[in-house]
Amino acid sequence: MAIRNPIFPAERHALYEAHGYSAAIRSGDLLFVSGQVGTRPDGSAEPDFADQVERAFQNLKAVLAAAGATLDDIVDVTTFHTDPESQFETVMSAKSRHFDTKPYPNWTAVGVNWLAGFDFEIKVIARLPESA
């Protein structure tokens, strides 16, 4: 049986504990990050879609940092969208700001009809640097 090594950003551990899951799991040199949404520190959703997407990226960066990684270590991205067609430009703008160096990670975008009160979620797999 593989050992699950959980990773939590310090200021958000209670949020994950309340819902019974880990922010990320380290397995060898891989980091599997749970879907990150645009939550404020109190757990509420950012009401503006562009702000929600930006907050999701900031929350993702916090989880990666807790594991000693950055966005540059990501190899696989899956995003979930409640209205992909109308959200496309906003998401692509954020994507190009945060992933601005080639080679880009692979990316899968999925349209969904419910994200627990959110409109965007980003889930990734990263390869951890040797120093992590």
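The structure contained in this document is the topic of the report that follows. Note that the structure is a prediction, hence the values are computed from the model and not measured.

What follows covers the overall build of the chain. A count of helices and strands for the chain gives three helices and six strands. In the chain, the succession of α and β elements from N to C terminus is β-α-β-β-α-β-α-β-β. Its C-alpha atoms give the chain a radius of gyration of 14 Å, near enough to 14 Å, the size a compact globule of 132 residues would have. Considered along the principal axes of its C-alpha atoms, the chain spans approximately 40 × 35 × 25 Å. Looking at the chain as a whole, 37% of its 132 residues are labelled buried. Nonlocal contacts in the chain, meaning residues at least 24 apart in sequence, comprise 69% of its contacts between residues at least 6 apart. Approximately 7,500 Å² of the chain is accessible, and the part contributed by carbon and sulfur atoms is 52%. Each charge sign in the chain was given a centre, from 11 positive and 18 negative side chains, and these centres are 5 Å apart.

So, on to the pattern of salt bridges. Scanning all chains against the criterion turns up four salt bridges. Two residues, R127 and D29, come together in a salt bridge whose shortest N-O distance is 2.7 Å. Here D29 lies in the loop between β2 (24–27) and β3 (30–37) and R127 lies in strand β6 (residues 120–127), a separation of 98 residues in the sequence. With a closest N to O distance of 3.6 Å, E46 and R40 form a salt bridge. With relative accessibility at 11%, the residue E46 sits in the buried group. Of the residues examined, R40 reaches a relative accessible area of 31% and is grouped as partly exposed. One network of salt bridges, with partners in common, ties together R40, E46 and R55.

The subject of this paragraph is helix α2 (residues 49–66). In an α-helix, one full turn covers 3.6 residues, which means residues spaced three or four apart are oriented alike. A rise of 1.5 Å per residue sets the reference length of α2, with its 18 residues, at 26 Å; its end C-alpha atoms lie 26 Å apart and thus fit the reference within 8%. Of the positions making up α2, those classed as buried are F49, Q52, V53, A56, F57, N59, L60, V63 and L64. What you see down the axis of α2 is that its buried residues fit within an arc of 160°, all on one side. Within two residues after α2, G68 carries a phi angle of roughly 85°, on the positive side.

Turning to the pairing of β6, a few remarks are in order. Pairing analysis gives six bridges linking β3 to β6, with the strands arranged antiparallel. Of the residues in β6, the one forming a bridge with F32 is I125. The pairing of strand β4 (residues 74–81) with β6 spans seven bridges and is antiparallel. Across the sheet, H81 pairs through a bridge with F120, a residue of β6.

How each quantity is defined
- Residues numbered from 1 in each chain as written.
- Predicted model: local features only at pLDDT ≥ 70, side-chain atom pairs only at ≥ 80, totals over all residues.
- Heavy atoms only, no water.
- Helix = DSSP H or I, 4+ residues; strand = E, 2+ residues; numbered from the N terminus.
- Rg over C-alpha atoms; globule rule 2.2 N^0.38 Å.
- Buried < 20%, exposed > 50% of the residue type's maximum accessible area, 1.4 Å probe, protein only.
- Contact = heavy atoms within 4.5 Å.
- Areas by Shrake-Rupley, 256 points an atom, 1.4 Å probe, with all protein chains shown as cover.
- Lys, Arg positive; Asp, Glu negative; His and termini not counted.
- Charge placed at Lys NZ, Arg CZ, Asp CG, Glu CD.
- Salt bridge = Lys/Arg side-chain N within 4 Å of Asp/Glu carboxyl O.
- Expected span 1.5 Å × (residues − 1).
- Arc of directions from axis to C-beta.
- Pairing = 2+ DSSP bridges.

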